[in-house]
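Architecture and fold: a report
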Protein chains: 4
Amino acid sequence: MNKRKLRMGMIGGGKDAFIGAIHRLAINMDGQVELVCGALSVNPETALESGKLLFLPDDRTYTSYVEMLDKEAARPPHERIDFVTIVTPNFAHFAPAMKALECGFNVVIEKPITFTLEEAKQLQAKLAETGLMLLLTHTYAGYPLVKEAREIIKSGKLGKVRKIYVEYLQGWLSRLSEREGNAQASWRTDPSKSGKAGCMGDIGTHAAHLAEHVSGLKITALNAALTTVVNGRMLDDDGAVLLKFEQEVTGTLIASQVAAGEENSLRLRIYGENGGLEWSQMEPNTLTLRWLDKPAETLRAGSGYTDRLSTSATSNCRTPGGHPEGYLEAFANLYKNFVLALGAKIEGREPQPEWLDFPSIDEGIRGMAFIDNVVASNASDEKWTTYTV
Amino acid sequence: MNKRKLRMGMIGGGKDAFIGAIHRLAINMDGQVELVCGALSVNPETALESGKLLFLPDDRTYTSYVEMLDKEAARPPHERIDFVTIVTPNFAHFAPAMKALECGFNVVIEKPITFTLEEAKQLQAKLAETGLMLLLTHTYAGYPLVKEAREIIKSGKLGKVRKIYVEYLQGWLSRLSEREGNAQASWRTDPSKSGKAGCMGDIGTHAAHLAEHVSGLKITALNAALTTVVNGRMLDDDGAVLLKFEQEVTGTLIASQVAAGEENSLRLRIYGENGGLEWSQMEPNTLTLRWLDKPAETLRAGSGYTDRLSTSATSNCRTPGGHPEGYLEAFANLYKNFVLALGAKIEGREPQPEWLDFPSIDEGIRGMAFIDNVVASNASDEKWTTYTV
Amino acid sequence: MNKRKLRMGMIGGGKDAFIGAIHRLAINMDGQVELVCGALSVNPETALESGKLLFLPDDRTYTSYVEMLDKEAARPPHERIDFVTIVTPNFAHFAPAMKALECGFNVVIEKPITFTLEEAKQLQAKLAETGLMLLLTHTYAGYPLVKEAREIIKSGKLGKVRKIYVEYLQGWLSRLSEREGNAQASWRTDPSKSGKAGCMGDIGTHAAHLAEHVSGLKITALNAALTTVVNGRMLDDDGAVLLKFEQEVTGTLIASQVAAGEENSLRLRIYGENGGLEWSQMEPNTLTLRWLDKPAETLRAGSGYTDRLSTSATSNCRTPGGHPEGYLEAFANLYKNFVLALGAKIEGREPQPEWLDFPSIDEGIRGMAFIDNVVASNASDEKWTTYTV
Amino acid sequence: MNKRKLRMGMIGGGKDAFIGAIHRLAINMDGQVELVCGALSVNPETALESGKLLFLPDDRTYTSYVEMLDKEAARPPHERIDFVTIVTPNFAHFAPAMKALECGFNVVIEKPITFTLEEAKQLQAKLAETGLMLLLTHTYAGYPLVKEAREIIKSGKLGKVRKIYVEYLQGWLSRLSEREGNAQASWRTDPSKSGKAGCMGDIGTHAAHLAEHVSGLKITALNAALTTVVNGRMLDDDGAVLLKFEQEVTGTLIASQVAAGEENSLRLRIYGENGGLEWSQMEPNTLTLRWLDKPAETLRAGSGYTDRLSTSATSNCRTPGGHPEGYLEAFANLYKNFVLALGAKIEGREPQPEWLDFPSIDEGIRGMAFIDNVVASNASDEKWTTYTV
């Protein structure tokens, strides 16, 4: 464990923002990080008010990330932040991330990592150059049973993988909410803020990441059909993709934000020669294993199941079985591992292997490439588009 | 109700056959039909033994459907069969069906209706010519809550339909069982007996039928990728299809017989502007409605729910809510409606509208066309193949 | 298999009756029984009309069970019925059953077997005297996974049994329906027709039977609190009972017909030293096994699971896994086994062991004793009432 | 919102303790509280090490709660703790709580509140005298949908309540773990540390609280049968209780810690004239409403469902629907409301009504009385024991 709390600054995440508040809940939980400064909003009034709500001192409440990073970099080492968390809309990820790295700060960043693949590659180069650390908050990778699923695939128990089905259904964009004052809908459906894909960028990337992450297999070709279902919308709000993975595995990816009545239904199924696994984000503490020749098994999350689950899973549980953990705990797991790994680095200790288990720049590159490839495939009359990075 | 039991002959369905036994269970249930003769097997010994097990008189146990149909046609009207049920493998559907129609007998036939689309069209013409009736046993259409789902879509409660997802996952062909003496596997994976598609013909057609049947929308274009996952298999055992339907609706169809650990998981989801519905064959007595603006509702099958369900659904329930009905009852519903409609016709009565609710030649044509189109699309490098009949 | 269909007569079960129709569906399914006569109603018009709907000849449609049994007994052996099924209200079970036995006919009877325990004992004596067979239709014993649960307990896999929880919740008597023309509610809440217990007789007996049947343990003492929740009702419509079983096992039985919104929720849980099992009638094709030291397992019904399930279970499945079977199939299993055992007896063959697996007079005696004991305990201020027969 | 973080000290909860760590996760989440001192263990080494892990200064790491409370009381107001959290075993709740109140500190305390009912009454008197605040961490009351359930009952939508079924099944004490070095098992089954009841004190009190809390009805009489299933155990590990509530409502309470394979299965069902509700702790984001005359509804937790759920529920959600929240968030809700109410009091502001929604001394008194009454009833041969406080 770390000898002191790490110090963090936040960029974006003012008082009415959605994802910034989620990040703070996740950061707080384990008590290993102190929020010490913020450029929470470009609006001075909002910035100040947000800072007060978070008990920040006025002199560490900024309205410009540039100012914040410069001033923090100038502080003495025992005050200076260890890392910065960037929770602005997609188009405003790259510049602060790059500046933070240049100032010597480690970085946490919401997904998708940048606005373009090119930017992501520049970040990659800068990370290599500086040796700093980056956490990309692909939240769903933080669930203990997602980790368990990955270990099961790796173990070969299911036999050679054959099929991967992933789907992510939401209904919250079933109407033209971006014209009705919904701030989230507004920027997420705006190509100038969100990027070249809507639904596929926002949630399709989560689904693609989950599929690759758990299976350990990379997508090699795709056959995409994106749709803009709601009239007047500027980006895709729905789509389906046929997939080819390495090792002759095939699959499908379905994503929709107009599946009216659905909440946040991310679901992964992988089948191998001997059986299959299924995990659903909305009931995340259960992992179902179905077998060709024996009864299905239900794995359950829980800190005490050290004989039933891998260390990878149990080290990311905080409570015994039957005490449900959820989205915020999954999110907190990303931070926990990042912070433990970063603390070890700062203090010159060897990290435990499980601390290194968090998404980073490689996942960011894959995410941006997925967006590029899925948009390209959608625009093509060819059935299959080779996945390129 | 009919004044007498209808008389039936059966072609195929000898003592070790799978689907013939299922048909008989379904036929028996309501006590409206009497099995009076059979050409249950081409093997004389099997035919005789099977006949005895079914309490058939020896002189109405045949080894040739031609003989059976000729002899039955020669019997006096009060003995003669009213209809014939054909439960042979796919390649042996057409000839007995055509012969039966020529002899003046109504026909029940397992799906897919014939070996080729051309044969299906010939049957269509013969039916039109003779005015006889045909039941195609698309079992899943017999479930009360499938009927309810169709009524809900028709009612417009969900708003304009936008998305259709249908999937049918089985795992029983995960190994090369056709080489291990599994008779079902053997003929179903043999193109000379099953037809030009394997998985897509066997279960993909069920999925396609369910999607069109419930939504009331026809597929207009498809983008298919079929796979033969198990080495040495002669036909596809897996596939996924992107779909376009009428009215700018899009969707996906997933079918696999190598999803190891899955039993018979047919599942349909349809989303409209206001909400979505979900039905799963393995828990058929529940229909979930999710709504954009209110809590999800769970409809349940049951004969007493005359205020909650449509007549279309309740008239196909035999028990009160909470007394689960299943696959055999769904199957029996097809026969029940067919037999009531046929009885009415024979007796010169007007049928009740719900009796006419059973799949027939049009569904047979669509099924064969689906096979043709999905195979053509799979062979094409073009993304979209226009669906033609 | 039997060489001929067995011949059956039915007492009660006219055209508007509930349970008679259920019996016929169950009887028909396997095609092993022919309904040849009936005293379906004491009302001549109803009797005749009901007979016609069932295609009975007029001369075997009776209005008096006495007349029917006498006339049938006088028929030549090759015409005479093999058994009679009694589906009248409780108070009218005993007399026709006794008369049938006296006439040499085997008997099928709805539960509870008689109106009083004393009557049940008289039937027991008559059965012993005549050597005839009796089937008591405790339907829930017919489910394949109930049989599997019993085998699992017997095998000792769960270790010594410790706890038994059984509950049966319905909501259909939440209002005073007996005063609103509901015929079922009317006789079932009338002590002169139903007996000394209402809810406990109607469904509590099912729950008690299931607990004893699956666990193999007998109730030895009980502590009951019955309630009449709906004002104006003449019998209990709700109750709960603390139970002691043999071998120091304890448990609870909950039954209610005023659990508004519940359908037919019969649910059994048994825990042993190593794990527990759970089965719910409304999802009868799943049996959950939970273990102290390993992941929970989900057993599924299915004719093909000969390696996963006992013969006791698979021999009572008609379809492969994933093709749901339900209440009517469970009911049909009772008849199937009874008819196979009876046929073997008639034909002088040795029955297969699994054919003898159906509830009979012993279960009938236990059921009537349960009613007596639960009513006595409810009336007592003593905590525990010793269960006596 | 509060103008500053509240300052907290912790008594108990050293580095290997279970519930102390849970409290800290819950406290941290919302970032409104700072842990500033602790008497985390009576073992000096453990106390110091635990303090370091929590980044406490050495001079605020104590080995005696008396010393801690005296020294903290002597600090200037801007440093002094606002409240103390007591997470010691049951027998060590009362003395530090009383001392804290005497020092003028507000108190958070694990349940059961004290070792005896008499102690609880003394705390009640002291609270009245001092006007200080107390939070009793009946965690399950913190779930949003438990609050919703309570609001639904209060609204009368279900009609007059008739039945309450509550059960709490665990399996973790299926073996004699207290003899195998399990620290939790050891003190919880030791009457000198846990109190006069084992299972009923540990989890039966949770079940009783949930039933009374949601229904708004108090238990008036009970009929209990407790068991010690595992040989050698010193307290009950299992039991069942028939209940009478106010307004002629009846119910049952089942609790077991030897239900092998169960995790933490707390489940509540309440039925009224028009329908019933069901909530299960292991899937806490779903509340099922079943209705006599319409389809069942599924309510879901989520911060955005301001039109579907009461403020009482939504104000205790942190994420949108479909992002599961769990046990730690429920726990955090208790603290959140307590801390907001306490902050308002300190700052002289009027609290919002929903901030006052947390369990306190009255629930503590009921819990201790439940233990006394259930033990008395178990010891009695009388069927019913009147519930006295």
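Note that this is a predicted model, so its numbers are computed, not measured.

**Observations concerning the interface of chain D and chain A**
Many descriptions give the size of an interface as the accessible area lost when the pieces come together. Across the boundary between the two partners, chain D contributes 29 residues, which contact 29 residues of chain A. Looking at the side of chain D that touches chain A, the element that brings in the most residues is helix 1 (residues 19-29) of chain D, giving 5 residues. Per-class residue counts for the side of chain D that touches chain A are 11 nonpolar, 9 polar and 9 charged.

**Quick word on the relation of the copies chain B and chain A**
Superposing chain B onto chain A takes a rotation of 180° combined with a translation of 0.0 Å along the rotation axis, leaving an RMSD of 0.0 Å. Expressed as a symmetry operation, the mapping of one chain copy onto the other fits a two-fold axis. Residue K383 of chain B of chain B places its C-alpha closer to the rotation axis than any other residue of that unit, at 2.0 Å. Taken as a fraction of all interface residues of chain B, those also at the interface in chain A reach 100%, which identifies the copy contact as same-surface.

**Describing the nonpolar core**
Among the nonpolar cores identified, the biggest contains 515 residues, and V107 of chain A, V107 of chain B, V107 of chain C together with V107 of chain D are the most heavily contacted of them. Apart from the residues within four sequence positions on either side, V107 of chain C is in contact with F83, V84, I86, A97, A100, L101, L132 and L134 of chain C.

**Let's talk about the interface of chain B and chain A**
At the interface, 34 residues of chain B touch 34 residues of chain A. Elements with a contribution of two residues or more to the side of chain B that touches chain A: strand 6 (161-169), strand 7 (219-227), strand 8 (238-245), strand 9 (250-256), strand 10 (265-272), strand 11 (275-280) and strand 12 (286-291) of chain B. No other element matches the 4 residues that strand 9 of chain B contributes to the side of chain B that touches chain A. Of the residues that constitute the side of chain B that touches chain A, the class distribution is 13 nonpolar, 12 polar and 9 charged.

**Section: the UniProt feature "domain: GFO/IDH/MocA-like oxidoreductase" (unreviewed entry) in chain A**
Here, UniProt's "domain: GFO/IDH/MocA-like oxidoreductase" (unreviewed entry) annotation points to residues 147-278 of chain A. When the span residues 147-278 of chain A is considered, its composition is 27% helix and 34% strand, and the gap between its end C-alpha atoms is 13 Å.

**Looking at the packing of helix 3 (residues 65-74) of chain D against helix 4 (residues 94-102) of chain D**
Residue and element names in this part refer to chain D. Between helix 3 and helix 4, whose axes approach to 10 Å, the crossing angle comes to 10°. Classified by the angle their axes make, helix 3 and helix 4 are roughly parallel. In this structure, helix 3 contributes Y65, V66 and L69 to the contact, and helix 4 contributes P96, K99 and A100. Here the contact of helix 3 with helix 4 is composed, by residue class, of 5 nonpolar, no polar and 1 charged.

**Overview of helix 3 of chain D**
All names here are of chain D. Looking only at helix 3, the buried set comprises Y65, M68, L69 and E72. Down the axis of helix 3, the buried side of the element spans an arc of 90°, and every buried residue falls inside it. Exposed side of helix 3, more than 90 degrees from the buried face: E67 and A74 are the residues found there. Elements that come into contact with the buried residues of helix 3 comprise strand 1 (6-11), strand 2 (33-39) and helix 4.

**Concerning the UniProt feature "domain: Gfo/Idh/MocA-like oxidoreductase N-terminal" (unreviewed entry) in chain A**
Those residues carrying the UniProt feature "domain: Gfo/Idh/MocA-like oxidoreductase N-terminal" (unreviewed entry) are residues 6-136 of chain A in this numbering. Span residues 6-136 of chain A is 41% helix and 18% strand, its end C-alpha atoms 18 Å apart.

**Looking at the packing of helix 1 (residues 19-29) of chain A against helix 11 (residues 327-347) of chain A**
Two measures define how a pair of helices packs: the angle their axes make with one another and the distance between the axes. All names here are of chain A. Helix 11 packs onto helix 1 with a crossing angle of 65° between their chain directions and a minimal axis gap of 8 Å. Classed by the angle they form, the pair helix 1 and helix 11 counts as roughly perpendicular. Seen along the crossing, helix 1 lies across helix 11 with a hand that is right-handed. The residues of helix 11 that touch helix 1, namely those facing I22, L25, A26, I27 and M29, are L328, F331, A332 and Y335. Here the residues of the contact of helix 1 with helix 11 are counted per class, giving 9 nonpolar, no polar and no charged.

**Notes on the environment of V84 of chain D**
All names here are of chain D. Looking at the element boundaries, V84 is found in strand 3 (residues 83-86). Under the C-beta neighbour-count criterion, V84 is labelled buried, with 27 such atoms within 10 Å. Separated by 294 residues in sequence, V84 and N378 have C-alpha atoms that sit 36 Å apart. Among residues more than four places away in sequence, those in contact with V84 are M8, G9, I11, A100, F105 and V107.

**Quick word on the environment of Q352 of chain B**
Mapped onto the secondary structure, Q352 of chain B falls in the loop between helix 11 (327-347) and helix 12 (361-379). Note: C-alpha distance between Q352 of chain B and N337 of chain B (15 residues apart in sequence) is 9.5 Å.

**Things to note about the pairing of strand 3 (residues 83-86) of chain C**
All names here are of chain C. Burial along strand 3 is two-sided: the residues F83 and T85 and V84 and I86 are all buried. Judged from the 4 bridges that link them, strand 1 (residues 6-11) and strand 3 form a sheet pairing that is parallel. Along strand 3, the bridge assignment pairs M8 with F83. Relative to strand 4 (residues 106-109), strand 3 runs parallel, the two being bridged by 4 bridges. Residue pairing in the sheet places T85 in a bridge with V108 of strand 4. Taken together, strand 3, helix 4 (residues 94-102) and strand 4 constitute a β-α-β crossover, and its handedness is right-handed.

Reading guide: rules and limits
- Residues numbered from 1 in each chain as written.
- Chains lettered and ligands numbered in written order.
- Predicted model: local features only at pLDDT ≥ 70, side-chain atom pairs only at ≥ 80, totals over all residues.
- Contact = placed C-beta atoms within 7 Å.
- Helix = DSSP H or I, 4+ residues; strand = E, 2+ residues; numbered from the N terminus.
- Nonpolar A, V, L, I, M, F, W, Y, C, P; charged D, E, K, R; others polar.
- Least-squares fit on C-alpha atoms with pLDDT ≥ 70 in both.
- Core = buried A, V, L, I, M, F, W, Y, C linked by C-beta atoms within 7 Å.
- Buried ≥ 20, exposed ≤ 12 C-beta atoms within 10 Å, placed from the backbone.
- UniProt positions renumbered as here; feature names shortened; annotations may be inferred.
- Axes fitted to C-alpha atoms, helices over the stretch in contact; angles between N-to-C directions.
- Parallel < 35°, antiparallel > 145°, perpendicular 65-115°, else oblique.
- Arc of directions from axis to C-beta.
- Left-handed = near helix turned anticlockwise from the far one by under 90°.
- Pairing = 2+ DSSP bridges.
- Right-handed = clockwise from strand over helix to strand, strands pointing away.

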